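Letter by letter, the chains look like this.
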Amino acid sequence: MNETITLRPATMRDADMLLDWRNDPETRKASYNTSEVTKNDHIAWLTKTLDNSNRRLFVAEEDGAPIGTVRADLSEGVWELSWTMAPYARGRGVAKRMVALLVQQITEPIRAEVKAGNVASARIAEHAGMKFNQKIEGVLHYSRDALNEQEA
Ligand SMILES: CC(C)(COP(=O)(O)OP(=O)(O)OC[C@H]1O[C@@H](n2cnc3c(N)ncnc32)[C@H](O)[C@@H]1OP(=O)(O)O)[C@@H](O)C(=O)NCCC(=O)NCCS
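Residues numbered from 1 in each chain as written. Predicted model: local features only at pLDDT ≥ 70, side-chain atom pairs only at ≥ 80, totals over all residues. Heavy atoms only, no water.

## Things to note about the site of the ligand
- In the vicinity of the ligand there are 21 residues, among which Trp-83, Met-85, Gly-93, Lys-96 and Arg-123 approach most closely.
- Within the backbone of Arg-92, a nitrogen or oxygen atom sits 3.3 Å from an oxygen atom of the ligand.
- Here the ligand has 930 Å² of accessible area as a free molecule, and 71% of this is covered by the chains.
- Cavity membership is defined here by more than half of the atoms lying within 2 Å of grid points; on that basis the ligand lies in the largest pocket. (Near = heavy atom within 4 Å. Polar contact = N/O pair within 3.5 Å; in protein donor to acceptor, adjacent residues only side chain to side chain. Areas by Shrake-Rupley, 256 points an atom, 1.4 Å probe, with all protein chains shown as cover. 1 Å grid on protein atoms, 1.4 Å probe; cavity = no way out; pocket = protein on both sides within 12 Å on 5 of 7 lines; lining within 4 Å. Sits in = over half its atoms within 2 Å of the grid points.)

Structure representation (structure tokens):
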């Protein structure tokens, strides 16, 4: 049976957990910046992120336990999404449900960039209703148009 997944805004109390997930080797491989992030840089990044009105950072929980994170950045009316699962929560279909949950709540257009070869994330984008548009320099570009009122 599927456990209940919920999204809540991240807080500074999530800093250590988010840094662990960010520095996990698979996460680094999937990121544009593949180097390890220091604690100081991470705290500065999280402080700025929580203060940025064009950015939303969520922690996904499964029955109250943190299992992943999704970020949404607003630029020129389009939300760009990116996501990471906790290493211990991967491979169970929960990332698909986590990203789809956020996508359902957004009525504005959405986009996501996935490195070619990240098959799981390509599946996640498609499952959430995004369409593949083009591949540019090894990066797959996905998007979903704005929802009209009936669809929202
Ligand atoms: C990518 C990531 C989010 C996937 O999380 P996950 O919990 O394993 O994903 P799910 O279990 O929800 O699976 C999603 C889909 O990918 C498929 N999948 C999972 N791992 C896979 C793999 N290694 N190779 C191929 N397909 C895979 C699943 O079968 C599923 O597809 P399906 O429903 O069509 O069968 C997770 O591995 C992660 O956090 N990686 C590091 C960070 C990252 O890549 N972020 C995304 C940047 S765009």
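## Details of the layout of surface pockets
- Here the largest pocket defines a volume of roughly 1,300 Å³.
- Residue lining of the largest pocket: 46 residues in total, with Thr-27, Ala-30, Ser-31, Trp-83 and Thr-84 positioned closest to the centre.
- If one sorts the elements of the lining of the largest pocket by residue count, strand S4 (residues 78-85) sits on top with six residues.
- Counted by class, the lining of the largest pocket contains 20 nonpolar, twelve polar and 14 charged residues. (Points joined across faces, edges and corners; volume = space filled by probe spheres on them. Helix = DSSP H or I, 4+ residues; strand = E, 2+ residues; numbered from the N terminus. Nonpolar A, V, L, I, M, F, W, Y, C, P; charged D, E, K, R; others polar.)

## Considerations on the side chain of Thr-49
- On the secondary structure map, Thr-49 appears in helix H3 (residues 39-50).
- Within the structure, the side chain of Thr-49 is placed 3.0 Å from the side chain of Arg-55, a separation counted as a polar contact.
- Look past the residues within four positions of Thr-49 in its chain and what remains in contact with it is Arg-55 and Leu-57. (Contact = heavy atoms within 4.5 Å.)

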